[in-house]
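Summary of structural features
Here are the chains, one letter per residue:
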Amino acid sequence: MIFRPRSTIGRTVLSIVAAAALFTGALAFHPSLSSAQPAAAAAAPAQDWLHVQGNKIVDEAGQEVWLTGTNWFGFNTSERVFHGLWSGNLQQITKSMADRGINVVRIPVSAQLLLEWSAGQTITPNVNVFVNPDLSGMNNLQVFDRFLALCEQYGLKVFLDLHSAEADNAGHVYPLWYKGSITTEHVYQAWSWVTTRYKTNDTIIGADLKNEPHGQWSETAFAKWDNSTDLTNFKHFAETAAQRILAINPNWLIFVEGTEVYPKDGVSWTSKNKDDWYSTWWGGQLRGVAQRPINLGQHQDQLVYSPHDYGPLVFEQPWFTGDWNRTTLERDVWDPNWLYIHKQNIAPLLIGEWGGFLDGGRNEKWMTALRDLIKEHRLHQTFWVLNPNSGDTGGLLNHDWATWDEAKYALLKPALWTHGTKFVSLDHQVRLGGAGSTTGISLSEATSGPVDTTAPSTPTALRAGAVTATSIPLTWTASTDSTGVAGYDIYRGTTLVGTSTTTSYTATGLTPSTTYSFTVRARDLAGNVSAASAAVTATTAAGQSTGACSVKYRANGWSGGFTATVQITNTGTTALTGWTLGFTFPSGQTVSNGWNATWTQTGSAVTAAALSHNSALAAGATVEIGFNGTGASTAPTTFTLDNSSCSTT
C-alpha cells in the first residue's frame, strides 16, 4: 500500500504555538451568506486577472505569465493566523519573499475559519506586537487583510488553498473535504463567502478547491474521481465548488488537485484487490483527467490542474528503490500521473507542493530533478514551504523567521520567473519588491515595455550641518531621472546606514569626538542606483564623560529562544541620568520584547534606553533590565553605556 503519512505543517511545532491554540469552542454558522461584507478597501480596477490558453496561463491581453511561488501556512491551523508572527515581522517577511522572486503565495485556510469569519467570529491572534507594532489590536481577519495590502504594495499575488475542513494543525490528514459538523454544503458556503468578500480585489487570483484529497481503496471512505454525484466523488465536488465560485467572480483561477488512487482500466471503484489500483502521493493522482476531465462549462479557461509531489525523505515510494533518475521519474511517475496534461496541451499545471530537506543525497537528487523539469517546461509551482517549522521538509526561512536558508533558496531560484536579471511580478503596475525594487520588475515591463536601465544623476553638494556629540545632519542637491527619483541611500564609509525620500538625513547614534565620512546615492523608480556623491567628512562634538560602568549579562535558553537579564552598575563617582546601554548580538538573535527599558534593534545592534523611573543611576548603584529573544542564547561580548565601554562580570 502506498500512502503519504506526512504532516504538511510539520511534526514539531514550537511550544509558543501550542500555547496559543485559541477559539476551540463550538462552531456557529450563519444560516445564509447575506450578511457577508466586502473587503474594507477594494483594489484598483481589475487588470491582473489571469486565464488559460491551452497549457499556458495568460493575462487579459493573452500574454503568457509564469506563477512561481511558495506556501505560508498557519491560517489553516488552530492558531488561525500565519505561523511565525510570534517572532517575525509580517511586512519584512512579505517583502523578503517579493525581493527574492516569489510572485505568488499559496495560503492554506480551513473551511471552519472561513465560516467563522462569515459569522463575524474572529480571534485576537498570537502576534508579537513588539515586532509587529502595526498589528497591535488587530483580529486575525484584519491581519489577513493587512497581508493582502502588503502583497499589493510589493507586487505579490495570492491564491487560497482549502487545506482542511476543520481548523486543526493535522486537519489535512483527513482524506475528504467534509468532516464532522462541517458538511460539503458548508464548504461550498465558505468558498462563496470568501469569493464575495474579495471579488473586486485582484490581489487574490484564485482558489485551490481542496488540498490533497486522498485515501486508499481499502478505507471506508476515500476520494474518488468518476462521473457520479457520490458524496466522496472529488470530481463532482470540484465542479460544484468551482461553479459557485465562478458565478461570483468568473476571473478566479480554479486549481484542482488529484486524488491518491485511481482504478486500472476496466476496474470498478468498489474493487478490494490492491493490484487493481494506481497509487501515488496525496493530491498527485490525475490519471482521471484523460477520460473524465473537470468540466467548468463556459469558464473552462479558468481551469488549472495542481498535483503535489515529494521525495524519499517524506515517504519511500516504490520508484525510489534501485537505480532511479530524472528520466525514470518522468517516464514512470510524472508522465502517467499528471505531466501528460501539460504535454498534451490539455490544461496548465501548477505543482502546488514540492520541497524538502537538502540531504546531499537522494532527496536533494529528487528536488533537483523536479526543479529542472519545472524550469524546462515552465510549469507553475508553489514551493513547500516558507515556514521553518514544517517537520518533514523544513522551510525557506530559518527558525529566526528573518534569514533565509540560502542553500535551499539557491536550489529553488532557477525555477523563479526572471526577465534578464530581474524577477517578474504578476502585477502589471507594481514591481516585484515594490516601487523602489532593485531586484524585480512589473508584468508590463516584462511583457510589453522597455526596462529602464538608466541610473539617476549623481547627488551633488553634500554637506554637513551643525553636529552634536552623537549626530551629524546632512543635506545635498537633488538628483534627476527620466522616470523619477524614488529615494536616496546614505553610506557611512562603505556601510549603508539609512535612506531618505528627501534631500536631507541625520546620522545618529555616533560616538563623541569622532570623524566620519559620508556619501549619498540616488535610486530611481526602476531600482537603478547612481554613482556615489563626493564624500563629506565631519567630526562629532565632545561628549560628557559617563564615568565607569560594569555589566552582568545572564541568559537562559530553550529551543529557538531565550530570556536575558542585564545588570548595569555605575562604578564611577558621579550619577548618570538618562543612560542608554548598547551591545551587538553575535549570532543573529532578535529581541522579541523587553522590560525596564525602551528596547530597539537595528540589524544586530541593540540599544536599551532608560525609562523615567530608572533614568537616574547613582554612583555605585545597579539597575536590572531584561528581554526575551529568539535564536541562540550566546552572550554579547562588549557593552557600552552612553557610548563608553563597560567592563563585564
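Data block above holds the structure.
Residues numbered from 1 in each chain as written. Predicted model: local features only at pLDDT ≥ 70, side-chain atom pairs only at ≥ 80, totals over all residues. Heavy atoms only, no water.

1. Topic: the state of the cysteines
All told, the structure shown has one disulfide when counted by the stated rule. For Cys 549, the disulfide goes to Cys 646, at an S-S distance of 2.0 Å. Across the S-S bond of Cys 549 and Cys 646 the torsion is about -95 degrees, and the bridge reads as left-handed. With a gap of 97 residues between them, Cys 549 in strand E24 (residues 549–558) and Cys 646 in strand E34 (residues 644–648) connect regions that are remote in the sequence. Take Cys 549: its relative accessible area is 4%, and that puts it in the buried class. For Cys 646, a relative accessible area of 12% corresponds to the buried category. (Disulfide = S-S within 2.5 Å. Helix = DSSP H or I, 4+ residues; strand = E, 2+ residues; numbered from the N terminus. Buried < 20%, exposed > 50% of the residue type's maximum accessible area, 1.4 Å probe, protein only.)

2. Considerations on helix H8 (residues 362–377)
Helix length check: H8, at 16 residues, gives a terminal C-alpha distance of 23 Å against a target of 22 Å (1.5 Å per residue), a fit within 8%. All buried positions along H8 are accounted for by Asn 363, Trp 366, Met 367, Ala 369, Leu 370, Arg 371, Leu 373 and Ile 374. Those residues of H8 hidden inside the fold are in contact with helix H7 (326–343), strand E12 (350–351), strand E13 (380–383) and helix H9 (406–412). Where H8 ends, the next residue or the one after it, Arg 378, has phi of about 50 degrees, a positive value. (Expected span 1.5 Å × (residues − 1). Contact = heavy atoms within 4.5 Å.)

3. Side note on the packing of helix H5 (residues 184–197) against helix H6 (residues 234–248)
Contact geometry for H5 and H6: axes closest at 9 Å, N-to-C directions at 30 degrees. When the interaxial angle is binned, H5 and H6 end up roughly parallel. At the point where H5 passes H6, the crossing takes the right-handed sense. Residue-level inspection shows Thr 184, Glu 185, Val 187, Tyr 188, Trp 191, Ser 192, Thr 195 and Thr 196 of H5 in contact with H6, the latter providing His 236, Phe 237, Thr 240, Ala 241, Arg 244, Ile 245 and Ile 248. (Axes fitted to C-alpha atoms, helices over the stretch in contact; angles between N-to-C directions. Parallel < 35°, antiparallel > 145°, perpendicular 65-115°, else oblique. Left-handed = near helix turned anticlockwise from the far one by under 90°.)

4. Comments concerning the sheet that holds strand E16 (residues 440–441)
Judged by pairing direction, the sheet is mixed, and its three strands sit side by side in the order E14-E15-E16 without closing on themselves. Taken across any chain shown, the strands that pair with only one partner, and hence form the sheet edges, are strand E14 (418–419) and E16. In terms of strand pairing, strand E15 (residues 422–424) meets E16 through two bridges, oriented parallel. Residue pairing across strands places Phe 423 opposite Gly 440, the latter belonging to E16. (Pairing = 2+ DSSP bridges.)

5. Details of the nonpolar core
The biggest cluster of nonpolar side chains holds 133 residues, and the ones touching the most others in it are Leu 67, Trp 72, Ile 107, Trp 191, Leu 209 and Tyr 305. It is helix H4 (residues 140–154) that provides the largest number of residues to this core, a total of eight residues. Among all residues touching Tyr 305, those that are not within four sequence positions of it are Trp 225, Val 256, Leu 286, Val 289, Pro 293, Ile 294, Ile 341, Ala 347, Pro 348, Leu 349 and Leu 350. Among the nonpolar cores identified, the runner-up in size contains 25 residues, and Cys 549, Val 591, Val 623 and Phe 627 belong to it. (Core = buried A, V, L, I, M, F, W, Y, C linked by side-chain atoms within 4.5 Å.)

6. Remarks on the sheet that holds strand E19 (residues 485–492)
The sheet built from four strands is open, its strands ordered E20-E19-E22-E23 with antiparallel pairing. The two strands at the open ends of the sheet, each matched to only one other strand, are strand E20 (495–500) and strand E23 (536–539). Ignoring which end each strand starts from, the neighbouring axes of this sheet average 30 degrees apart.

7. A closer look at the packing of helix H3 (residues 111–118) against H5
It is the contact of H3 with H5, at a shortest axis distance of 9 Å, that shows an interaxial angle of 60 degrees. Comparing their axes, H5 and H3 come out oblique. For the pair H3 and H5, the crossing hand works out as left-handed. Where H3 abuts H5, its residues Ala 111, Leu 114, Leu 115, Trp 117 and Ser 118 lie against His 186, Val 187, Gln 189, Ala 190, Trp 193 and Val 194. Tallied by class, the residues present in the contact of H3 with H5 amount to eight nonpolar, three polar and no charged. (Nonpolar A, V, L, I, M, F, W, Y, C, P; charged D, E, K, R; others polar.)

8. Brief notes about the pairing of strand E22 (residues 515–524)
Within E22, seven of the 10 residues are buried, which leaves it mostly tucked inside the rest of the structure. Sheet analysis places E19 next to E22, joined by seven bridges and oriented antiparallel. Within the sheet, the bridge partner assigned to Ile 490 lies in E22 and is Val 520. Two elements, E22 and E23, share four bridges in a ladder whose sense is antiparallel. If you follow Tyr 516 over to E23, its bridge partner there is Ala 538.

9. Considerations on the packing of aromatic side chains
Scanning the entire structure with this criterion turns up 41 aromatic pairs. Seen in terms of ring centroids, Trp 72 and Phe 147 are 5.9 Å apart; in terms of plane orientation they differ by 85 degrees. Their pairing is edge-to-face. In this pair, Trp 72 sits in the loop between strand E4 (68–71) and helix H2 (90–99) while Phe 147 sits in helix H4, placing the two residues 75 residues apart along the sequence. An angle of 55 degrees between the planes, with centres 4.9 Å apart, marks the rings of Trp 599 and Phe 627 as tilted. Taken together, the residues span a long stretch of sequence, with Trp 599 in strand E29 (residues 598–602) and Phe 627 in strand E32 (residues 622–630) at a distance of 28 residues. The pair Trp 599 / Phe 627 is uniform in exposure class, with both members buried. (Phe/Tyr/Trp six-rings, centres within 6.5 Å; stacked < 30°, edge-to-face > 60°.)

10. Brief notes about the side chain of Ser 437
Of note, Ser 437 is situated in the loop between E15 and E16. According to the relative accessible area criterion, Ser 437 is buried, its value standing at 2%.

11. Considering unusual backbone geometry
Between Trp 384 and Val 385 the backbone carries a cis peptide bond, its omega angle lying at 20 degrees. Tracing the sequence through the fold places Val 385 in the loop between E13 and H9. One non-glycine residue with positive phi stands out, namely Trp 401, at about 60 degrees. Of note, Trp 401 is situated in the loop between E13 and H9. Given a relative accessible area of 3%, Trp 401 falls into the buried group. One non-glycine residue, Asn 596, lies in the positive phi region at around 65 degrees. Here Asn 596 lies in the loop between strand E28 (590–595) and E29.

12. Describing the side chain of Thr 382
Along the chain, Thr 382 falls in strand E13. Look at Thr 382 and you get buried, because its relative accessible area is 0%. What Thr 382 contacts, discounting residues up to four positions off in sequence, is Gly 69, Thr 70, Asn 71, Val 104, Arg 106, Phe 159, Leu 350, Ile 351, Gly 352, Glu 353 and Trp 354.

13. Some points on the pattern of salt bridges
What the rule picks out here adds up to 28 salt bridges. A salt bridge links Arg 197 to Asp 145, with the nearest nitrogen and oxygen atoms 2.6 Å apart. With a gap of 52 residues between them, Arg 197 in helix H5 and Asp 145 in helix H4 connect regions that are remote in the sequence. Look at Arg 197 and you get buried, because its relative accessible area is 10%. Here Glu 185 makes a salt bridge to Arg 244, at a shortest N to O gap of 2.9 Å. Taken together, the residues Glu 185 in helix H5 and Arg 244 in helix H6 connect sequence positions 59 residues apart. Overall, the relative accessible area of 31% leaves Arg 244 in the partly exposed class. What you see here is one network of salt bridges that share partners, running through Arg 106, Asp 161, Asp 208, Glu 257 and Glu 353. (Salt bridge = Lys/Arg side-chain N within 4 Å of Asp/Glu carboxyl O.)

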